[in-house]
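Single-letter residue listing:
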Amino acid sequence: MKKSLCGLLVAGAMLSLVAAGCSSRPSAEELKQLEDLKAEVASLEREISAKESEKAALQRAIAEKDAQLKQCEQDKALVQERLQGM
Amino acid sequence: MNVVRTFSLIITLALVMVSAVAAQEMTKDEWQRQINENTAKRNELRAKLNALQAEVDKLKKDDADKAAALKKCNDEILALVEATPESERAFAAMLDQIDSKINELARLSNQDLWARKGEIDDVQKMIDEARKNKLSLLPKYYDRIKEQQNRVDALRKSLEGAGMQTYTVGTWARDRDCLWNIAKKPAIYNNAFLWPKIWQGNKDQIKNPDIIKPGQKLKIPPKGDLTNEEKAAVRSYWQRKQAQAGTGGQ
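What comes next is a walk through the structure. No experiment lies behind these values; they were computed from the predicted model shown.

Summing up its helical and strand segments, chain A has two helices and zero strands in all. Here chain A holds 86 residues, and 26% of them are scored as buried. Within the structure as shown, chain A displays about 5900 Å² of accessible surface, and the carbon and sulfur contribution to it stands at 60%.

Looking only at helices and strands, chain B has ten helices and two strands in total. The order of α-helices and β-strands along chain B, N terminus first, is α-α-α-α-α-α-β-α-α-α-β-α. For chain B, the proportion of its 250 residues judged to be buried stands at 35%. Of all intrachain contacts in chain B linking residues separated by at least 6 positions in sequence, the fraction that spans at least 24 positions is 63%. Summing over all exposed atoms, chain B offers an accessible surface of approximately 15400 Å²; the carbon and sulfur share of this is 56%.

Quick look at the pairing of strand β2 (residues 217-220) of chain B now. All names here are of chain B. What you see with β2 is a clean split: Leu218 and Ile220 sit on the buried side and Lys217 and Lys219 on the side with no burial. By the bridge criterion, four bridges tie strand β1 (residues 165-168) to β2 in an arrangement that is antiparallel. Looking at the pairing, Thr168 lines up with Lys217 of β2.

All names here are of chain B. Of note, Asp121 is situated in helix α5 (residues 117-132). Its relative accessible area of 36% is what places Asp121 among the partly exposed residues. A sequence separation of 35 residues divides Asp121 from Arg156, and the C-alpha atoms of the two residues are 9.6 Å apart.

All names here are of chain B. Orientation of helix α3 (residues 85-106) relative to α5, taken along the N-to-C sense of each, is 155°, at an axis distance of 10 Å. By the angle between their axes, α3 is roughly antiparallel relative to α5. Between α3 and α5 lies a crossing of left-handed hand. Taking contact as the criterion, the partners of Phe91, Met94, Leu95, Gln97, Ile98, Lys101, Ile102 and Leu105 in α3 are, on α5, Glu119, Ile120, Val123, Met126, Ile127 and Ala130.

Residues and elements named next belong to chain B. Positive phi, normally seen in glycine, also occurs at Arg176, with a value near 55°. Backbone geometry places Asn190, a non-glycine residue, at a positive phi of 60°. With respect to the helices and strands, Asn190 occurs in the loop between α8 (179-184) and α9 (195-201). Accessibility expressed as a relative area gives 53% for Asn190, which makes it exposed.

Ranked by internal contacts, the top residues of the largest apolar core, which has 28 residues, are Phe91, Leu95, Ile120, Val123, Leu135, Leu138 and Tyr141 of chain B. Residue assignment for this core shows that the elements contributing at least two residues are α2 (28-85) of chain A together with α2 (28-80), α3, α4 (110-115), α5 and α6 (139-160) of chain B. Here the element with the most residues in this core is α3 of chain B; it accounts for six residues. Other than its neighbours up to four places away in sequence, Leu138 of chain B contacts Val79 and Arg82 of chain A together with Ile77, Val81 and Glu88 of chain B. Counting residues in hydrophobic clusters, the runner-up holds 18 residues, among them Leu179, Ile206, Leu218 and Ile220 of chain B.

Calculation notes
Residues numbered from 1 in each chain as written. Chains lettered and ligands numbered in written order. Predicted model: local features only at pLDDT ≥ 70, side-chain atom pairs only at ≥ 80, totals over all residues. Heavy atoms only, no water. Helix = DSSP H or I, 4+ residues; strand = E, 2+ residues; numbered from the N terminus. Buried < 20%, exposed > 50% of the residue type's maximum accessible area, 1.4 Å probe, protein only. Areas by Shrake-Rupley, 256 points an atom, 1.4 Å probe, with all protein chains shown as cover. Contact = heavy atoms within 4.5 Å. Pairing = 2+ DSSP bridges. Axes fitted to C-alpha atoms, helices over the stretch in contact; angles between N-to-C directions. Parallel < 35°, antiparallel > 145°, perpendicular 65-115°, else oblique. Left-handed = near helix turned anticlockwise from the far one by under 90°. Core = buried A, V, L, I, M, F, W, Y, C linked by side-chain atoms within 4.5 Å.

Shown next as C-alpha cells:
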C-alpha cells in the first residue's frame, strides 16, 4: 500500500514537470523586445507627465500676464485721466 | 525499506519544486499578449505626447505674445509721463530714500524728534519734489507717496502731542526773563542748564540767546537731556562769548 502511494507521488511530480517543460517559451531576443517595449512605455509616461506640468505652468503664467495686462490698461487710463487733471 | 521511502520522498519534492519554477516562466502566448498590450499603449501614449507638445507650443506662443503686449502697455505708460526705465529707477530710489528717512524719524523719541524737527521739513520737501514728477501719477507711486505724506503728517502730530508748551516772555524789570531764568522756572524745566533747549527750539526767532524781547512767544520743547546739536550750540555760544571778551579786553 505504502509502496504504491510513493509510486503515485513520484509519477504525479514527473507528469507536472513534463507538462511545464513541454509548453512553448519565448526566446531571449523576444523577451528583450518585450522589456524594451515596456521601457519605452514607461519613458513615454514620464515625458507626458513632464509635458503636462509644463502645460500647467504655462497656463498659470498666461493667466498671470492676463491679469497684469488688465491692470496695466486700467493704470494707463488712470494716468491719462490724472494728466488731464494736472 | 525506510531508505527507499525516504529517497522517493526527496525525489518527489525535488521534482515538484522544479516543475513549479518551470510553470512560473512566461509562455509564448503570454509574451504575445504583453507585446500586443504594450504596443497599443505605446502608440496611444505617443499620440497623447504629440497632442500635448502641440498644445505646449501654442501656449508658449500665447505667453510670448502676452509678454510683448504687457511690455508695450508699460512702455506706453512711461511715454505718457515722459519717463524712461532709468528715470523711473531713479524716482523709485528717491521714494526709497524718503521711506528710510521717515522710518528713521518714526523711531525717535518725542524729545529727539523735536531736536531733529528740521528733518521733517526736509522730508516734506522731498515729497513735494516727488509730487512734481509725472511719475508720481502712476498708481504704484501715487499711493506710496500718499502713504508717505500721511506718515509725515503723523510725525508732525506726534510733535504737537508731545506736550509742547509755549511761554510768553515778560519784562526784565518785572519777570527777570532770560533763557536761563525761564528754563529755571519749575513750570518749565526746573533746570536752568536746559536753557539751550529753548534757544534751539526757537532758532527762527532767537538769533542771539542773550536777547529775547517782551511779548515773544517761545515754544518750549519737551524736557530732557541736551541733544548733541544743543550741546554744540552751547559750545559755539561760549566760544563766541570768550572771543568777544578777549577782543573787549585788548
